[in-house]
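Fold and geometry: a report
If you want the building blocks of each chain, they are given just below.
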Amino acid sequence: MNQCTNCGKKVSFGDIVKAGLPHLISCGQCNSKLKFNINKYVEYPIIILLLLVTMWFAYLTGTYFIDNDILPFRRSSIMFGSFISCALILELVFAGWLLKFKKVVE
């Protein structure tokens, strides 16, 4: 179980999603910075690749909705919504991956 090394509080999905980026994660109770055992030379390129795939999927989803007139919104609103929803899905998957497979080291 991932716990803060300073106060012992469990690290939650909310703490990771609130941070946005892996190096900005902090404890929800004592606000100390948390570092996970991530090998930045291996896992950061994989994360960047997943981000690019997510952006590509969001673009394809948005153009599908626009081309088939599924949603009655403006084109820019559909694309923006598609990117936001795919980014949220990626953030939740990333938070789950961190909590399940990585440990807090600092």
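These figures come from a predicted structure and were not determined experimentally. (Residues numbered from 1 in each chain as written. Predicted model: local features only at pLDDT ≥ 70, side-chain atom pairs only at ≥ 80, totals over all residues. Heavy atoms only, no water.)

Before going further, it helps to spend a moment on the confidence of the model for the protein chain. A low pLDDT means the predicted coordinates there should not be read in detail. The share of residues in the protein chain with pLDDT of 70 or more is 99%, and the mean pLDDT across the chain is 86. Per-element averaging of pLDDT across the protein chain places helix 1 (residues 13–19) at the bottom with 85 and helix 2 (residues 40–67) at the top with 89. (pLDDT = per-residue confidence, 0-100. Helix = DSSP H or I, 4+ residues; strand = E, 2+ residues; numbered from the N terminus.)

Glancing now at the layout of surface pockets. Considering only enclosed or pocket space, the largest pocket measures out at about 540 Å³ in volume. What lines the largest pocket is a set of 22 residues, and nearest its centre among them are Ile 47, Leu 50, Leu 51, Leu 90 and Phe 94. Where the lining of the largest pocket is concerned, the elements lending two or more residues are helix 2 and helix 3 (75–101). The residue inventory of the lining of the largest pocket, partitioned by class, reads 17 nonpolar, three polar and two charged. (1 Å grid on protein atoms, 1.4 Å probe; cavity = no way out; pocket = protein on both sides within 12 Å on 5 of 7 lines; lining within 4 Å. Points joined across faces, edges and corners; volume = space filled by probe spheres on them. Nonpolar A, V, L, I, M, F, W, Y, C, P; charged D, E, K, R; others polar.)

Bringing unusual backbone geometry into the picture now. One non-glycine residue, Asn 31, lies in positive phi territory at about 60 degrees. Inspection of the secondary structure assignment puts Asn 31 in the loop between helix 1 and helix 2. Look at Asn 31 and you get exposed, because its relative accessible area is 55%. Phi is positive for Asp 69, which is not a glycine, with a value near 50 degrees. What makes Asp 69 exposed here is its relative accessible area of 65%. (Buried < 20%, exposed > 50% of the residue type's maximum accessible area, 1.4 Å probe, protein only.)

Turning our attention to helix 2. With 28 residues, helix 2 should reach 40 Å at 1.5 Å per residue; the first-to-last C-alpha distance of 39 Å fits that figure. Inspection of helix 2 places Glu 43, Thr 54, Ala 58, Thr 61, Gly 62 and Ile 66 among the buried residues, and these make up the whole buried set. Here the buried face of helix 2 lies against helix 3. Residue Asp 69 follows helix 2 closely and has a positive phi angle near 50 degrees. (Expected span 1.5 Å × (residues − 1). Contact = heavy atoms within 4.5 Å.)

Okay, a nonpolar patch on the surface next. A contiguous nonpolar surface patch, about 1100 Å² in accessible area, is contributed by Ile 48, Leu 49, Leu 51, Leu 52, Val 53, Met 55, Trp 56, Phe 57, Tyr 59, Leu 60 and Phe 83. For the nonpolar patch, the element with the most residues is helix 2, which contributes ten residues. (Patch = residues over 30% accessible without salt bridge, like charges linked within 9 Å, V, L, I, M, F, W, Y side chains within 5 Å. Areas by Shrake-Rupley, 256 points an atom, 1.4 Å probe, with all protein chains shown as cover. Salt bridge = Lys/Arg side-chain N within 4 Å of Asp/Glu carboxyl O.)

Okay, the state of the cysteines next. With the rule as written, the count across this model stands at zero disulfides. The closest cysteine sulfur to the non-disulfide-bonded Cys 4 is located on Cys 30, 3.7 Å from its own sulfur. Using a relative accessible area of 4% as the deciding quantity, one classes Cys 4 as buried. The class for Cys 30 is partly exposed, based on a relative accessible area of 28%. (Disulfide = S-S within 2.5 Å.)

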